[in-house]
Amino acid sequence: LQNFSQKPRNTVTVREGQAVVLLCGPPPHYGEMKYSWVFNGHRSFLQQDARRFISQRTGNLYVAKVEASDVGNYTCAVRNMMTNTTVFSSPTPVVVRRDVVMGEYEPKIEVQFPDTLYVSKGSSVKLECFALGNPVPSISWRRADGNPLPGKIKINHSTGDLEIPYFRPEDSGMYECVAENSRGRNAARGQLIFQNVEHLQWTQILKDAHMAIDANLQWECKAIGKPKPRYRWLKNGQPLTAKERVHVDAGRLTISTIRLSDSGMYQCVAENEYGSLYASAELKVVASPPDFTHRPVKKSTVIQRGGEVVLECRPNASPRAMISWWRGGELLRNSKR
């Protein structure tokens, strides 16, 4: 997830009672994102309701009918669900004109789902639908073929979203979103088509690694799905290519004789034509000289004549230290004793 441009955004002037759409314009990113908006720098995010809607597809903020209390600065916040990092846009000032009030008008569906949507078995699908209008339109859902909506369907009545979890063949069909107010109604349709594929899922993911310099690293990720997934690797968001010490074999990554420059965030990507999964882990390479702070050598040891003694030398070191023993300035070597 890259940062927003900090270029100032233009002021949006709107009449009271009119609708407005504020564009998020997210920066380049990979993986799943969550979009929110901040109003006048408040710590809490703007709450969605029948009047205000945030699209999780584009990040845009829709206000069906502007009120005087909507005057202020709006900032788009984008959170990467994988790395849990958040970036903020420059604020968009909104000014409401009080000299003219917008009259009532029928609903206009501004956010709708695709005309045709292919959904794989067992996946969850969310359909967005939001209308602009004065008075604020209400959103309802139905199946255009006359069949009742499945009982498992979840409808967010404050925003109008419809979610179908664990998609099955019987959930296929034509779905219709209806927006209504006292001035009229409008509808949007889209067809959900069952796709006989198995949703991608991980069977083995990566774990963070703290490795000593010059050690060897091997990571492996595995995913199942139909069609069978392909794999690729990223380092710090950039494609990782095989070279002298780096070997990539599908979901297996091997780095030999690790160096400090190998430190970073790695991602294994499993993908087929219907989707992709990301598994992430951090590699920290440790390099330090021998240190006896935590395991000091004993200053003195008392033993009986003819007895046996063991003197331990176990410093913390990365890479592993080469150890030798000296007595009175003379290097000790292995002998019968």
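Residues numbered from 1 in each chain as written. Predicted model: local features only at pLDDT ≥ 70, side-chain atom pairs only at ≥ 80, totals over all residues. Heavy atoms only, no water.

With an unreviewed UniProt entry as reference, the protein chain is termed Ig-like domain-containing protein, source organism Ameca splendens. Note on the protein chain: under the UniProt heading Subcellular location (unreviewed entry), the record states "Cell membrane". (UniProt positions renumbered as here; feature names shortened; annotations may be inferred.)

**What about the sheet that holds strand β23 (residues 246–249)?**
Spatially, the three strands line up as an open sheet ordered β19-β24-β23, and their pairing is antiparallel. Where the open sheet ends on each side, the last strands, each with one partner, are β19 (217–220) and β23. Recorded for the sheet is a direction-independent mean angle of 10° between the axes of neighbouring strands. (Pairing = 2+ DSSP bridges. Helix = DSSP H or I, 4+ residues; strand = E, 2+ residues; numbered from the N terminus. Axes fitted to C-alpha atoms, helices over the stretch in contact; angles between N-to-C directions.)

**Quick look at the pairing of strand β25 (residues 264–272)**
Of all nine residues making up β25, eight are buried, and the element is well covered by its neighbours. Bridging between strand β21 (residues 230–235) and β25 involves six bridges; their strand directions are antiparallel. Counterpart to Lys 235 in the pairing with β25 is Tyr 266. Bridge analysis of β25 against strand β26 (residues 275–286) gives nine bridges, and the strand direction is antiparallel. (Buried < 20%, exposed > 50% of the residue type's maximum accessible area, 1.4 Å probe, protein only.)

**Considerations on the UniProt feature "domain: Ig-like" (unreviewed entry) in the protein chain**
In this structure's numbering, the residues bearing the UniProt feature "domain: Ig-like" (unreviewed entry) are residues 2–89, 107–193, 221–284 and 290–337. Along residues 2–89, the helical share is 0% and the strand share 38%, with 11 Å between the first and last C-alpha atoms. Measuring from the first to the last C-alpha atom of residues 107–193 gives 28 Å, for a span that is 0% helix and 56% strand.

**Some thoughts on unusual backbone geometry**
Cis geometry is adopted by the peptide bond preceding Pro 135, which originates at Asn 134 and carries an omega value of 0°. With respect to the secondary-structure elements, Pro 135 resides in the loop between β12 (130–134) and β13 (138–143). The omega torsion of the bond from Lys 226 to Pro 227 falls at 0°, within 30 degrees of zero and hence cis. Residue position: Pro 227 is located in the loop between β20 (222–226) and β21. Unlike most non-glycine residues, Tyr 166 shows phi in positive territory, near 50°.

**Section: empty space enclosed by the protein**
According to the stated counting rule, one finds one cavity of 30 Å³ or more in the structure shown. Put simply, the largest cavity is a space of about 40 Å³. The wall of the largest cavity is formed by Val 20, Leu 22, Val 63, Val 66, Asp 70, Tyr 74 and Val 94. Of the residues contributing to the lining of the largest cavity, the split by class is six nonpolar, no polar and one charged. (1 Å grid on protein atoms, 1.4 Å probe; cavity = no way out; pocket = protein on both sides within 12 Å on 5 of 7 lines; lining within 4 Å. Points joined across faces, edges and corners; volume = space filled by probe spheres on them. Nonpolar A, V, L, I, M, F, W, Y, C, P; charged D, E, K, R; others polar.)

**Comments concerning the state of the cysteines**
Counted by the stated rule, this structure contains three disulfides. Paired through a disulfide, Cys 24 and Cys 76 show a sulfur-sulfur distance of 2.1 Å. One quick way to see it: the torsion about the S-S bond of Cys 24 and Cys 76 is about -75°, and its sign makes the bridge left-handed. With Cys 24 in the loop between β2 (20–22) and β3 (33–39) and Cys 76 in strand β6 (residues 72–80), the pair connects residues that are 52 residues apart, well separated along the chain. Here the two residues Cys 24 and Cys 76 agree in accessibility, since each one is buried. Note that Cys 129 is cross-linked by a disulfide to Cys 177, the S-S spacing being 1.7 Å. The S-S bond linking Cys 129 to Cys 177 shows a torsion near -65°; that makes this disulfide left-handed. With a gap of 48 residues between them, Cys 129 in the loop between β11 (125–127) and β12 and Cys 177 in strand β16 (residues 173–181) connect regions that are remote in the sequence. Residue classification places Cys 129 among the buried positions, given a relative accessible area of 0%. In this structure Cys 177 comes out as buried when scored by relative accessible area, which is 0%. Disulfide partners in the protein chain, listed by the sequence order of the bonded cysteines, are 1-2, 3-4, 5-6. (Disulfide = S-S within 2.5 Å.)

**Some points on the sheet that holds β25**
Read from one edge to the other, the open sheet built from five strands follows the order β18-β26-β25-β21-β22, with strand pairing classed as mixed. Every other strand in the sheet has two partners, leaving β18 (209–212) and β22 (238–239) as the edge strands with one partner each.

**Describing the environment of Ala 317**
Relative to the assigned elements, Ala 317 resides in strand β28 (residues 316–318). Classification of Ala 317 by relative accessible area gives partly exposed; the value is 22%. In this structure, the C-alpha to C-alpha distance between Ala 317 and Ile 213, residues 104 residues apart in sequence, is 9.9 Å. Ignoring any residue separated from it by four or fewer positions in sequence, one finds Ala 317 in contact with Ser 288, Pro 289 and Pro 290. (Contact = heavy atoms within 4.5 Å.)

**Thoughts on the nonpolar core**
If you look at soluble globular proteins, the nonpolar side chains tend to sit buried side by side. Grouped together as the largest cluster of nonpolar side chains are 20 residues, with contacts concentrated most on Leu 22, Cys 24, Trp 37, Leu 61, Tyr 74 and Val 78. Breaking this core down by element, the ones donating at least two residues are β2, β3, β5 (61–63), β6 and β8 (92–101). Here the element with the most residues in this core is β3; it accounts for four residues. Dropping the residues within four chain positions of it, Leu 22 is found in contact with Val 12, Trp 37, Asn 60, Leu 61, Tyr 74, Thr 92 and Val 94. Counting 19 residues, the second-largest nonpolar core is a separate cluster that includes Ala 209, Cys 221, Ala 279 and Leu 283. (Core = buried A, V, L, I, M, F, W, Y, C linked by side-chain atoms within 4.5 Å.)

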